[in-house]
Amino acid sequence: MKRITTRNFRILCDFMDIYQFMLEIYEKDWRNGVPAPFFEYALSSDWMDKSYTHRNRIWEDNGKIVAFCFTENPVNCIYFSIRPGYEELAEEMVDYAEKYMPRLDGKMEFTIFEGQEAVKKAAMKQGYEQTGNWNEMVYDFDKPLQYDLPKGFRFTDIGKLNVEKVDECCWKGFNHEETEGPWDGNAESSYHLVMAPHETSKYAVAVENEKGEYVCYAGMWWTPENKLAYMEPLCTAPEYRRKGLAAAALSELYRRMKPLGATHMTGGDNPFYKAIGYQPCIGWTIWTKK
């Protein structure tokens, strides 16, 4: 017999239990909610506003976590994770989100994955409608990923990344230099990130030029329980784009992760991924109120 209780998320003591919950409900197409590294990466990064995490809500059945409603980035973007067999909680979760989760300029949006039909129905009942969608691609390791690194570049040795160089590469690779100026040399946010409890940056790939500068970076959050190679982030410095560096970096990740038991690797919705062999897999839908 189900005995459902609910309470708010406590970041200092609940994270590890939520991580385990997400491992247990994981499906390749995210039909039950996001994978565990998605939430940990956000909580460990400086780009996420964590001042609203106390509003996240946990549902338990006799002490076992069965559902979780939470915010990510931006804070008015709300996600729902539900253990199979507890879909009846969707309406209560959406009602909670509508009443208590944060808004920006009075607005809120729900991220609902294809397969979360109960959440969609609950959102529609609250007056939400689908206003956007895209499909994130995944690479299946049943076929090799083989793109060679161009001459004049090399991969860093496994487990020997320089955190400052990674931070500078990501600053340039995500175009911050164009809008905010040169990297200021402060890598504290990256040092904080690599202290996340399940981080596996030792498997990440950085591409160096002949000067030893990092010009492309592909991060890795290895999740052996789900045989998931969660790749995040991926970036290339502007002047080094369209040289095949990113495809080569992902090929190197394939070579590092497949022997460990990985069966698939995440990507994104950019056409680049499809061009190198990724396939559509994770259907994202965005729901808002008029």
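The structure under discussion appears in the preceding block.
What counts, and at which threshold
- Residues numbered from 1 in each chain as written.
- Predicted model: local features only at pLDDT ≥ 70, side-chain atom pairs only at ≥ 80, totals over all residues.
- Heavy atoms only, no water.
- Helix = DSSP H or I, 4+ residues; strand = E, 2+ residues; numbered from the N terminus.
- Contact = heavy atoms within 4.5 Å.
- 1 Å grid on protein atoms, 1.4 Å probe; cavity = no way out; pocket = protein on both sides within 12 Å on 5 of 7 lines; lining within 4 Å.
- Points joined across faces, edges and corners; volume = space filled by probe spheres on them.
- Nonpolar A, V, L, I, M, F, W, Y, C, P; charged D, E, K, R; others polar.
- Buried < 20%, exposed > 50% of the residue type's maximum accessible area, 1.4 Å probe, protein only.

**A short note on the environment of V66**
Alright, step 1. With respect to the secondary-structure elements, V66 resides in strand β3 (residues 64-71).
Alright, step 2. Considered as a pair, V66 and G85 are 19 residues apart in the sequence and their alpha carbons are 8.9 Å apart.
Alright, step 3. When sequence neighbours within four positions are dropped, the list of residues in contact with V66 reads I4, F21, W59, E60, D61, S81, I82, R83, Y86 and L89.

**Quick word on the layout of surface pockets**
Empty space left among the atoms is revealed by rolling a probe the size of a water molecule over them.
Alright, step 1. Of the voids in this model, the second largest pocket is the one considered here, and its volume is about 200 Å³.
Alright, step 2. For the second largest pocket, the lining is made up of 13 residues, of which I11, F15, L43, S44 and P197 are closest to its centre.
Alright, step 3. Secondary structure elements with two or more residues in the lining of the second largest pocket: α1 (11-25) and α2 (36-44).
Alright, step 4. Grouping the amino acids of the lining of the second largest pocket by side-chain chemistry returns 9 nonpolar, 2 polar and 2 charged.

**What about unusual backbone geometry?**
Alright, step 1. Of note, the amide linkage connecting N73 to P74 takes the cis form, showing an omega dihedral of 0°.
Alright, step 2. Within the element layout of this structure, P74 appears in the loop between β3 and β4 (77-82).
Alright, step 3. In this chain, E232 is followed by P233 through a cis amide linkage whose omega measures -5°.
Alright, step 4. With respect to the helices and strands, the residue P233 is situated in the loop between β11 (228-230) and β12 (234-236).
Alright, step 5. For W30, which is not glycine, the phi torsion reads 65° and is therefore positive.
Alright, step 6. As for its position among the elements, W30 is in the loop between α1 and α2.
Alright, step 7. On the basis of relative accessible area, W30 is assigned to the buried category, the value being 1%.
Alright, step 8. Of note in the backbone geometry, K227 takes a positive phi value of approximately 55° without being a glycine.
Alright, step 9. Within the secondary structure layout, K227 lies in the loop between β10 (221-223) and β11.

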